[in-house]
Each structure stands twice: as structure tokens, then as C-alpha cells.
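# Fold and geometry: a report
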Amino acid sequence: MSRKVNSGFATRAIHVGQEPDPATGAVVPPIYQTTTYVQSDLGVHKGFDYSRAANPTRRGLEENLASLEGGQYGIAFSSGMAALSALMTHFRSGDHVIVSAGVYGGTYRAITQVFNRFDLTASWVDTTTLGPVAAAIRPETRAIIIESPSNPMMSLTDIKAVSALARERGLLTIVDNTFMTPYCQRPLELGAHVVYHSTTKYISGHSDIIGGAVVTSDEQLAEDLYFIQKTLGAVPSPFDCWLTSRSLKTLAIRMDRHNSNALQLGRFLVERPEVKAIYYPGLPSHPQYDLAVTQQRTPTGEPAFGGMISFETGSLENARAVVQRLQIFTLAESLGGVESLANHPATMTHASVPREVRESYKLTDGLIRLSIGIEDVEDLETDLAQALAVLA
Ligand SMILES: Cc1ncc(COP(=O)(O)O)c(C=O)c1O
């Protein structure tokens, strides 16, 4: 076990928390599809008493995720929003958080329409530079919540710099690492306290599981999050945990292909006259390209830009015309699966963000967000070319 714990990323993705079943020798651990566990005497059991509190299949997934993110504790949830909710319920009435402007629309909705009911306030700040973050800190601030790259504008936050500032001021840095996955970016190594995920996306990778997770090395925080997990009960099913663990085994090779396909398509799109602006950190024209190169790296040190590209078509009509003509890209919400998807953020993932807010960070009606899958890249390029031709 310890050899596997200290080994490379892909080896850990396949082995940590995934030991052969001691009862039967099954190489793939079984799905512990059980709610409850026998007790040989009052309170005497093998560490599991009720599956909301703990389940062996979930535990295996949690160990694996913690290992990949370089953290001590993994806590799995039934969705990315449940993971964020657990983090928010760690705070108390009167607390304040600083959040990157331009985060996923559901995060914005949860903070502005649900957590505000409990007097948890938020400042929405452009976290691409440190000045506004420092200026937004108040005596009641507890955390800085960042999404880097942001969804869908692909703005980056310097995780190392924000984490250093947060530590100096006694705050938590919480990073949504959904777009990058631990294969492409490891925020805990950069000084962040907490990473969370919508595991629905690249981690599950096949568009068939809703899930979430938090990873941290902070023992006290982890203890509270396990307490919140079992008390509020937003836990994933054993089957979903098993599928997610299976998906993690191919995360490294899937991400390599997402990265290389997106790089080729980013270079293709930037040359197309129909594309009015492109938001993708793998292009030297991205204003934070240098930060992307240093911050987003595979475990072996290669720059990793992820599989997400957004681009501007100029109008709602143009965006509609393009997505209607796509044949391999599927028009759908979500991202991170093996199949390529096209999303229209203004009417889909970010519809709950008021127009003036989203337009303040250039999320216009003409914006299309692509999740580049792992199909043959030539087919994807041909599909985009024929769809964009409608605007010529
Ligand atoms: C960056 C990001 N964070 C969090 C979430 C929420 O995750 P879930 O849909 O699994 O609740 C999403 C969903 O799209 C997302 O894109």
C-alpha cells in the first residue's frame, strides 16, 4: 500500500483506495450496496455502522481523491453543489466570503439566493489581480473562494499569491478545481487550504454521474466537513462512488487527450475570421498565458491548458446558427465528458446570473463554450469549420 501511496499520479489513480477485496480476492473492489452493518455487540463493529456516516466504497473514492489532490482528507458528496454547500455551512451567520466574479452560475445562485438567507455575505471580486482581493477583506471575512480557470470566461487567478495573502490574513483559500482536475492543477501544492470539485465533469468523465468532493489537509476543517456530510446527508450512492473510482483510473490519459485536442482546436479557432474573441489559456494571446504555463501543469511538469474553450460569435443569432449546425458537438449543459459538447452559457449554465452581472465580465449572448472531448481531433475541427461557415 505505501509504495502505491508514494508512486506517480496514474499509479495512484488506479490503486489508492482500490485494493483487491480481502474476502474474495476480487481485483476490483465490490460495490458495498448496503445501508447498515452488523454489530457483534452494542457499538462493536468494523468501523462502519450506517452508510450515510460512512461506506467502504465511498471511503475508497475519498482516499483516492485525497491522494490525487495531494491532501490528507477526501470528503465525497452527491454533487458539486453539495460540496460547495458543505463548505458554506462550515461558516456561520455574519461571516463574509470573497468570491471570484464570473464563477459557475449555480455557485452564484447558491450564494446569492440561498446562503444569503443565513446572513452569509459575499463580495464578488475580480481575482485576476491581487489588489481587489486584498481590498475586499473585512474583519468578518473567512474565506476567498476562487475558480481558476473560471467558467466560462477562462480567467485565471494566481492561486499561490491568493493563498499566501489568505494565510497572512488568517483566511481559507477554497479552489474550485473542476475545470483542471488534479492532473492539470494541484491547488493544495500552491498553498490553498481546500479544493472542491464537481466530480460530475472530468473526474467522472463519461457524462453519467452527478457527484462532488472536497479535499483538504486541514484536520479540524476535515472533521467538521465529515460531520456536515453525515449530518446533512448529501452523500453519493455506493454505485456512483464505484463508477467514479473506475473513471479516475483513466483520468490521466483522458486529460492528456482533452488537453491536446483543445490545444489544436484553440489554434484553429483563433485563426477563424468568424470568431470575434477567444477565451482559452493555451494561446499566447490569452492575457494570463504566462500564469497558465506555470500554474497549470501535469504531475510530470508539462503545461496543461484543459479541455475548455469559449469564443464570441457576436450575437445570440450567430451563436444559435453555429450550435444548430454542429453535428459531432452536442448542444448540452455540462462538460468534461469524453464526448464534445457545445453550451450557450447565457441561456444555459449561467441563465441564473443577471444580464448586467454576466455582461460586466463579457459573458454575452454571443458566447459559446466548448467542452472538447476525446474524439478524433480532425473530425472535431471539420465539424467546427462547417458550423462556423454559416457566419461567413
Ligand atoms: C466549475 C463548476 N463548479 C461546480 C459545479 C456544480 O457541480 P454539480 O453540477 O455537480 O452540482 C459546476 C457545474 O457545472 C461547475 O461547472
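### Section: the nonpolar core
Residues L65, Y183 and L248 are the most contacted members of the largest nonpolar core, which totals 34 residues. Mapped by element, the contributors of at least two residues to this core are helix 2 (9–15), helix 3 (56–69), helix 8 (181–184), strand 7 (212–216), helix 10 (238–248) and helix 11 (251–270). A per-element tally of this core places helix 3 first, with 4 residues. Counting residues domain by domain, this core receives three or more from each of domain 1 (2–248) and domain 2 (251–391). Once residues within four sequence positions are removed from consideration, Y183 is found in contact with F9, L251, A252, M255, D256, R297, T298 and P299.

### What to know about the domain arrangement of the protein chain
Examined at the domain level, the protein chain breaks down into domain 1 (2–248) and domain 2 (251–391). Across the boundary between the two partners, domain 1 contributes 42 residues, which contact 44 residues of domain 2. When domain 1 packs against domain 2, close to 3,400 Å² is buried across both sides, 63% of that on carbon and sulfur atoms. Among the residues domain 1 hides against domain 2, the three largest losses belong to M153, Y183 and Y202. Together they make up 24% of the total. There are 0 salt bridges connecting domain 1 and domain 2. The interface formed by domain 1 and domain 2 contains 21 residue pairs in polar contact (both at pLDDT 80 or more). Elements supplying a minimum of two residues to the side of domain 1 that touches domain 2: helix 2, helix 5 (105–113), helix 7 (159–168), helix 8 and helix 10.

### Details of the packing of aromatic side chains
Tallying each qualifying case throughout the model produces 6 aromatic pairs. Ring plane angle 15° and centroid distance 6.4 Å describe the contact between F239 and W242, whose orientation is recorded as stacked. Placement of the pair is F239 and W242 together in helix 10, with a separation of 3 residues, close to one helical turn. Overall, the relative accessible area of 39% leaves F239 in the partly exposed class.

### Some words on the pairing of strand 9 (residues 308–312)
Across the 5 residues of strand 9, 5 count as buried, placing the element largely inside the fold. Burial of strand 9 is two-sided: the residues M308, S310 and E312 facing one way and the residues I309 and F311 facing the other way are all buried. Where strand 9 and strand 12 (residues 367–371) come together, 5 bridges link them in antiparallel fashion. Of the residues in strand 12, the one forming a bridge with M308 is S371.

Rules of the game
Residues numbered from 1 in each chain as written. Predicted model: local features only at pLDDT ≥ 70, side-chain atom pairs only at ≥ 80, totals over all residues. Heavy atoms only, no water. Core = buried A, V, L, I, M, F, W, Y, C linked by side-chain atoms within 4.5 Å. Buried < 20%, exposed > 50% of the residue type's maximum accessible area, 1.4 Å probe, protein only. Helix = DSSP H or I, 4+ residues; strand = E, 2+ residues; numbered from the N terminus. Domains from an automatic or database assignment. Contact = heavy atoms within 4.5 Å. Buried area = accessible area lost by both parts, 1.4 Å probe. Salt bridge = Lys/Arg side-chain N within 4 Å of Asp/Glu carboxyl O. Polar contact = N/O pair within 3.5 Å; in protein donor to acceptor, adjacent residues only side chain to side chain. Phe/Tyr/Trp six-rings, centres within 6.5 Å; stacked < 30°, edge-to-face > 60°. Pairing = 2+ DSSP bridges.

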